[in-house]
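# Observations on chain architecture
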Amino acid sequence: MEKYFYATKKAEFYDLTIESVIPNYNLMLQVVHNFIRSQYDLNEEIKILDIGAGTGNDSLPILESLKNSTLDACDLSQEMCKVFENNAEKRNITFDRFTFQVENYLDVEYKKKYFDIAISAYCIHHYELKDKLKFFKKVFSELKAGGVFILVDLSNYESESISQYCHESDIAYIDTSFDKLVEKENSEVRMHLLSSKEGWIYHMDNDNILDTTEIQIHSLKKVGFVSVECIFKYLQHSIVIAKK
């Protein structure tokens with residue numbers, strides 16, 4: 001189940017390349033952040049869980065907006081943790097407002113019914129469905145009543161031909177976007193970018209185990225979430241909001 005994705009070993013390049021991997025990446029971040037700001041008073045003491053926190057693109061802007069919020073973050077990569085901390089410092093977010101554990105989320109013991117918000121972005125698309133259910137059940141147990149789980153990830157369609165079209169479109173986007181990015185960089189960075197492009201495409205072609213959006217929604221309801229809606233979908237990329 002656990003796969004240590006190659007990109008985490010080059011965490012310093014992650015923020016440079018991620019927009020060339022995920023179409024509408026910044027728009028998706030904005031959708032998530034706008035949703036959270038619409039649901040909470042900016043002065044509330046909100047407890048946030050970021051699963052697979054990476055470099056902090058999902059949760060650090062939320063900490064900026066919700067001034068009294070605190071964050072528990074986890075990721076498999078020590079390298080990502082270092083970049084996360086650097087990005088927090090750049091945003092003037094003090095270290096007393098967050099903790100970062102370098103560990104598999106499923107192995108971390110968080111308090112039950114503790115968090116107001118949980119976020120998982122592009123963490124579980126390589127999980128079998130049984131392991132996704134285990135993941136969802138754990139998230140559910142750690143959210144307060146009324147808490148919100150935001151799942152940003154890849155999903156398929158009920159039509160096999162549409163799923164294949166979307167997959168091929170995502171691969172074509174990576175191929176084209178990386179080529180444009182390579183043109184702007186020096187020779188040393190170019191070598192990494194070309195290798196990174198191959199790694200991302202291999203990952204998309206070989207590691208992903210995608211369910212339909214409908215199965216994701218059904219699975220979240222199965223573990224106890226009372227309200228589950230997909231609020232964004234573009235090709236294979238979706239944002240699902242589940243309320244406890």
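Our structure is the block above this text.
Residues numbered from 1 in each chain as written. Predicted model: local features only at pLDDT ≥ 70, side-chain atom pairs only at ≥ 80, totals over all residues. Heavy atoms only, no water.

Moving on, we come to unusual backbone geometry. Peptide bonds are trans in most cases, and residues, glycine excluded, mostly fall at negative phi. Residue Asn92 is not a glycine yet carries a positive backbone phi of 60°. Turning to its location among the elements, Asn92 is positioned in the loop between helix H4 (78–90) and strand E3 (98–102). We note that Lys113 has phi near 50°; this positive angle belongs to a residue other than glycine. Note that Lys113 resides in the loop between E3 and strand E4 (115–121). (Helix = DSSP H or I, 4+ residues; strand = E, 2+ residues; numbered from the N terminus.)

In this model helix H6 (residues 160–184) runs 37 Å from its N-terminal to its C-terminal C-alpha over 25 residues, within 8% of the 36 Å that 1.5 Å per residue would give. Taken together, the buried positions of H6 are occupied by Ser163, Cys166, His167, Ser169, Asp170, Ile171, Ile174, Ser177, Phe178, Leu181 and Val182. For H6, the secondary structure elements touched by its buried residues are helix H1 (14–17), helix H7 (187–206) and strand E7 (237–243). (Expected span 1.5 Å × (residues − 1). Buried < 20%, exposed > 50% of the residue type's maximum accessible area, 1.4 Å probe, protein only. Contact = heavy atoms within 4.5 Å.)

Relative orientation of the contacting elements helix H5 (residues 129–142) and helix H8 (residues 213–222) amounts to 45°, with a least axis distance of 9 Å. Classified by the angle between their axes, H5 and H8 sit oblique to one another. The crossing of H5 and H8 is right-handed. When H5 is examined against H8, the residues Leu129, Leu133 and Phe136 are found in contact with a partner set consisting of Ile215, Gln216, Ser219, Leu220 and Lys222. Partitioned by chemical class, the residues of the contact of H5 with H8 number 5 nonpolar, 2 polar and 1 charged. (Axes fitted to C-alpha atoms, helices over the stretch in contact; angles between N-to-C directions. Parallel < 35°, antiparallel > 145°, perpendicular 65-115°, else oblique. Left-handed = near helix turned anticlockwise from the far one by under 90°. Nonpolar A, V, L, I, M, F, W, Y, C, P; charged D, E, K, R; others polar.)

Here strand E2 (residues 70–75) pairs with E3 via 5 bridges, running parallel. Opposite Ala73, over in E3, you have Phe100 as the bridge partner. With H4 bridging E2 and the parallel E3, this β-α-β connection has right-handed handedness. (Pairing = 2+ DSSP bridges. Right-handed = clockwise from strand over helix to strand, strands pointing away.)

This brings us to the packing of aromatic side chains. For the structure shown, the criterion picks out 13 aromatic pairs. Relative to Trp200, the ring of Tyr14 has its centre 6.5 Å away and its plane inclined at 45°; by these criteria the two rings are tilted. One end of the pair, Tyr14, is in helix H1; the other, Trp200, is in helix H7, with 186 residues separating them in the sequence. Each member of the pair Tyr14 and Trp200 is classed as buried. An angle of 80° between the planes, with centres 5.6 Å apart, marks the rings of Tyr110 and Phe115 as edge-to-face. Comparing Tyr110 with Phe115 shows no difference in burial state: the two are buried. Connected via pairs of aromatic rings, a cluster forms that spans Tyr105, Tyr110, Tyr114, Phe115, Tyr127, Phe135, Phe136, Phe140, Phe149 and Phe225. Above the face of the Tyr105 ring, Lys138 is positioned so that its terminal group lies 3.9 Å from the ring centre. (Phe/Tyr/Trp six-rings, centres within 6.5 Å; stacked < 30°, edge-to-face > 60°. Lys NZ or Arg CZ within 6 Å of the ring centre and 35° of its normal.)

With mixed pairing, the 7 strands of this open sheet are ordered in space as E3-E2-E1-E4-E5-E7-E6. What marks the edges here is a single partner per strand, and that holds for E3 and strand E6 (227–234). Geometrically, the sheet is characterised by an average inter-axis angle of 15° between neighbouring strands, direction not taken into account. Sheet analysis places strand E1 (residues 47–51) next to E2, joined by 5 bridges and oriented parallel. Following the sheet pairing, Leu49 is matched in E2 by Asp72.

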